[in-house]
Protein chains: 2
Amino acid sequence: MKHDIDPLLRERGLAAAVILKGEFPNPTFRYVAGPPAAHLSTGLIVLRPGTKPFLLHGGMERDAAGETGFERAEYGDFSYSKIIEQEQSSLLAHAKLLQKVFERLHIASGQVLIGGIMDVGRGYHILNRLRELVPGITLAQDADPGLFHQARLTKDADEVAAVRAVARVCARAFERIRQIIQRGRLEGKKLKDSDGWITIGRLRAEVRRVFFEAGLEEPHGNIIAMGRDAGVPHNAGNDADVLVEGKPIVVDLYPAQSGGGYYFDVTRTICVGKASAELKELHALVREAVDRTVETIHVGAAGRSYQERVCDLFEERGHKTIRQDERLEEGYVHGLGHGIGLEVHERPHLSGNVANKDRIEAGALFTVEPGLYYPSRDVGIRIEDVIWVKPDGAVENLTDIPYELEIAPA
Amino acid sequence: MKHDIDPLLRERGLAAAVILKGEFPNPTFRYVAGPPAAHLSTGLIVLRPGTKPFLLHGGMERDAAGETGFERAEYGDFSYSKIIEQEQSSLLAHAKLLQKVFERLHIASGQVLIGGIMDVGRGYHILNRLRELVPGITLAQDADPGLFHQARLTKDADEVAAVRAVARVCARAFERIRQIIQRGRLEGKKLKDSDGWITIGRLRAEVRRVFFEAGLEEPHGNIIAMGRDAGVPHNAGNDADVLVEGKPIVVDLYPAQSGGGYYFDVTRTICVGKASAELKELHALVREAVDRTVETIHVGAAGRSYQERVCDLFEERGHKTIRQDERLEEGYVHGLGHGIGLEVHERPHLSGNVANKDRIEAGALFTVEPGLYYPSRDVGIRIEDVIWVKPDGAVENLTDIPYELEIAPA
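Computed from a predicted model, the values in this text were never measured in an experiment.

What counts, and at which threshold
Residues numbered from 1 in each chain as written. Chains lettered and ligands numbered in written order. Predicted model: local features only at pLDDT ≥ 70, side-chain atom pairs only at ≥ 80, totals over all residues. Helix = DSSP H or I, 4+ residues; strand = E, 2+ residues; numbered from the N terminus. Expected span 1.5 Å × (residues − 1). Buried ≥ 20, exposed ≤ 12 C-beta atoms within 10 Å, placed from the backbone. Arc of directions from axis to C-beta. Contact = placed C-beta atoms within 7 Å. Core = buried A, V, L, I, M, F, W, Y, C linked by C-beta atoms within 7 Å. Pairing = 2+ DSSP bridges. Axes fitted to C-alpha atoms, helices over the stretch in contact; angles between N-to-C directions. Nonpolar A, V, L, I, M, F, W, Y, C, P; charged D, E, K, R; others polar. Left-handed = near helix turned anticlockwise from the far one by under 90°. Least-squares fit on C-alpha atoms with pLDDT ≥ 70 in both.

Draft legend 1. Just helix 11 (residues 303-316) of chain A, in detail. Residue and element names in this part refer to chain A. The end-to-end C-alpha distance of helix 11 is 21 Å, a good match for the 20 Å that 14 residues give at a rise of 1.5 Å each. Among the residues of helix 11, Gly303, Arg304, Tyr306, Gln307, Val310, Cys311 and Phe314 are the ones counted as buried. Across the axial projection of helix 11, the buried residues extend over an arc of 150 degrees, all falling on one side. Elements that come into contact with the buried residues of helix 11 comprise helix 10 (277-296) and strand 16 (346-349). In the stretch just after helix 11, glycine 318 is the one whose phi turns positive, near 95 degrees.

Structure representation (structure tokens):
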């Protein structure tokens, strides 16, 4: 949580942490600065143990900057135009500006952690120049999880409330899909209604409308993929496909609050009308993997242990898994889950790599999303719920959306 | 343009350029990979002179990867899970993976340019490790403008068509605002209609709806700011404000095509009913600055020369300008314009810093947006058009939106 940042700075022996901001989504900057970050296009934040954060910002953004309550200064206070003139390079000027900020804040020695989202090549050369300009400091190599990722891993009440709000809208989106199918009728094996054939594109447009009405965005799009496409986990699906009776449709939605807010992430697999015995069996097995995982989640457990047990289950039932072959394309081909918050993929990881040391902490919020994929047989199944481990260790499933595979048309 | 990348690689003496991709918008990756980039969450592209691009991608994204037509490989082809296991650190594993990619592509010496959007601290340490692993290469410090920014500075026909499509939707959004005001009626000095008071928030919601219906997004939000707020250029405006007769409202819209596409960027200043003589005079002067700039744009001219002439004009008429004081808050407080494309702010710059060496090139697409700001008197005026310099040097204003300041209610 946010109040962990200060103790983490001390624990990790850091003189300061700096978050650089360019014109890209910057979840850590947003985490620290709060909602005013939506109106800060560039700048930086400096955090020092026991000290109010320092914000550097553009003069035209002084109103949003003021809302942060941070100690602050404008580029102009450091004569940034003059610096650019002298350095004749925006890259060298950026390093020089950092030097001047460090001077003002008396950061002359010790470990300094640098973060923030920007062009990596540009960042590399700015930081190399900064090391020349401020030889007393060392650019800290972050521990794993990174300081801010560690803080962000556990969610406070406001964050959980924000995620719940997005979850409710996702439930409406799934309800809308259900209604469209229920009101449709089959012509042969294809679904239609008074507006014509019901396509993947129609479902996607309806989902987008539900999110729009609720002030949400889909920065990473979504997945509504049928049959063979459902069998390739990140295939977003083909808008032109008409819904066909009995074909599995993976619906994976991960919208966020507009302006860089919180995500939810949920998947259901549905089909129009009757599913085959094979599809029902696979769906029940994936559901079993979700249930078994959620039932056994507890504070202190290794994230990867859950992936191991899901692989055990699937292998027992005759499916290949990614732990047997990382290039696997048929069977269980991915990790079990990931944290969500200001990014759609955060810590903790529930993946199976032995290097994954993440543990379930009180306050963690993460997905559980097993799946089985057989693209060669036009089959893909995934079910994804979001789990919150409360401060007292109790486990709550934040996902209130039916699991039902079959949806009967009119 | 895209076909400039290969000659630029040779010109700048680069053995290769690498674009890293994480889960952030990555305009250069999108530029090179095209629309399939929307479905590639991670990976990298390697460009070498005279060679087909090489794409590394996740196995679950093989369908989108295939659409690029690039030479390609999956993480699994490099045994990435094993690398993570061995390195016990995602950072070291990332560097090791780059080493293996370089090995496979026979990149062992020469200047290599690294770009892409990611966490700058993480990128710094990955690249330092990479230098140890591949000591024969040098990480090139990009020239200014950067290689990809130089290529992206001039737009091809498809790019201009995409920008034009967004421009048309912006025109509809402004038309919608105009209609709402025209159908409103004044009660005292405040505007209302049958739905109640007409607020800034209502205008913003209507604009958002127009963009939604057309498949556009507002990744950076927008500005609809009245009175004092209009006088602070990046103040987004207060949704609760009811529109008041005679107060200037700056409407600055910069939507983009969903999925990481092209931007447009346009500003008009309007007011409900009659404007004061002062407001009309300021508006006419800002309009004059636009006209004089657009009339004189020609290939080869220095971007900063236009800013200088606008400062001349405003100073002659008694306004202070940013070239006199970079901390200026009243008068003309910002640069004249910027390129637009896959980012809302690109090259060329039309700012006044003597370090700005950008020139107007055939094919450039950029804004012209002078403004005058007096927040202490509740005044802010900005007018912004987008100009395209065609391949033959002819100048076209892509903005087809009325300049009128006053909009009369019913």
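Draft legend 2. Structural detail: the nonpolar core. Judged by nonpolar contacts, the single largest core of 241 residues is most densely connected at Ile45 and Phe264 of chain A together with Ile45 of chain B. Take this core: its biggest share by element is 8 residues, from helix 8 (residues 157-183) of chain A. Non-local contacts of phenylalanine 264 of chain A, meaning those with residues more than four positions away in its chain, are made with Val163, Val166, Ala167, Cys170, Tyr254, Pro255, Ile340 and Val386 of chain A.

Draft legend 3. Region of the structure containing the sheet that holds strand 11 (residues 222-226) of chain A. Residue and element names in this part refer to chain A. With mixed pairing, the 4 strands of this open sheet are ordered in space as 11-12-14-22. Strands at the two margins of the open sheet, each flanked by one partner only, are strand 11 and strand 22 (406-407). Judged from the 5 bridges that link them, strand 11 and strand 12 (residues 249-253) form a sheet pairing that is antiparallel. Paired with methionine 226 across the two strands is isoleucine 249, which belongs to strand 12. Together, strand 11 and strand 12 form the strand contacts of helix 9 (residues 200-213), whose direction differs from that of strand 11 by roughly 155 degrees.

Draft legend 4. Local environment of the interface of chain B and chain A. Every contact between the two is made by 57 residues of chain B and, on the other side, 57 residues of chain A. Breaking the side of chain B that touches chain A down by element, the ones donating at least two residues are helix 3 (62-67), helix 4 (80-87), strand 5 (110-119) and helix 6 (120-133) of chain B. In terms of residue count, the dominant contributor to the side of chain B that touches chain A is strand 5 of chain B (7 residues). A breakdown of the residues in the side of chain B that touches chain A according to their chemical character gives 21 nonpolar, 22 polar and 14 charged. Sheet analysis places strand 5 (residues 110-119) of chain A next to strand 5 of chain B, joined by 3 bridges and oriented antiparallel. Each bridged residue has a counterpart across the sheet, and for methionine 118 of chain A the counterpart in strand 5 of chain B is methionine 118 of chain B.

Draft legend 5. Region of interest: unusual backbone geometry. Going from arginine 347 of chain A to proline 348 of chain A, the amide bond is cis rather than trans, its omega being 0 degrees. Tracing the sequence through the fold places proline 348 of chain A in strand 16. The omega torsion of the bond from aspartate 144 of chain B to proline 145 of chain B falls at -5 degrees, within 30 degrees of zero and hence cis. Looking at where proline 145 of chain B falls in the secondary structure, it is placed in the loop between strand 6 (137-139) and helix 7 (147-153). The backbone phi angle of glutamine 88 of chain B is positive, close to 55 degrees, even though this residue is not glycine.

Draft legend 6. Examining the packing of helix 10 (residues 277-296) of chain B against helix 11 (residues 303-316) of chain B more closely. Residues and elements named next belong to chain B. The interhelical angle for the contact between helix 10 and helix 11, taken along N-to-C directions, is 145 degrees, at an axis separation of 10 Å. At the point where helix 10 passes helix 11, the crossing takes the right-handed sense. Judged by residue contacts, Glu288, Ala289, Arg292 and Thr293 of helix 10 engage Tyr306, Arg309, Val310, Leu313 and Phe314 from helix 11. A breakdown of the residues in the contact of helix 10 with helix 11 according to their chemical character gives 5 nonpolar, 1 polar and 3 charged.

Draft legend 7. Region of the structure containing the relation of the copies chain B and chain A. Its rotation angle being 180 degrees, the transformation that places chain B on chain A also includes 0.0 Å of axial translation and leaves an RMSD of 0.0 Å. Taken together, the rotation and translation describe the operation of a two-fold axis. The share of interface residues of chain B whose copies in chain A are also at the interface is 100%, consistent with both copies meeting through the same surface.

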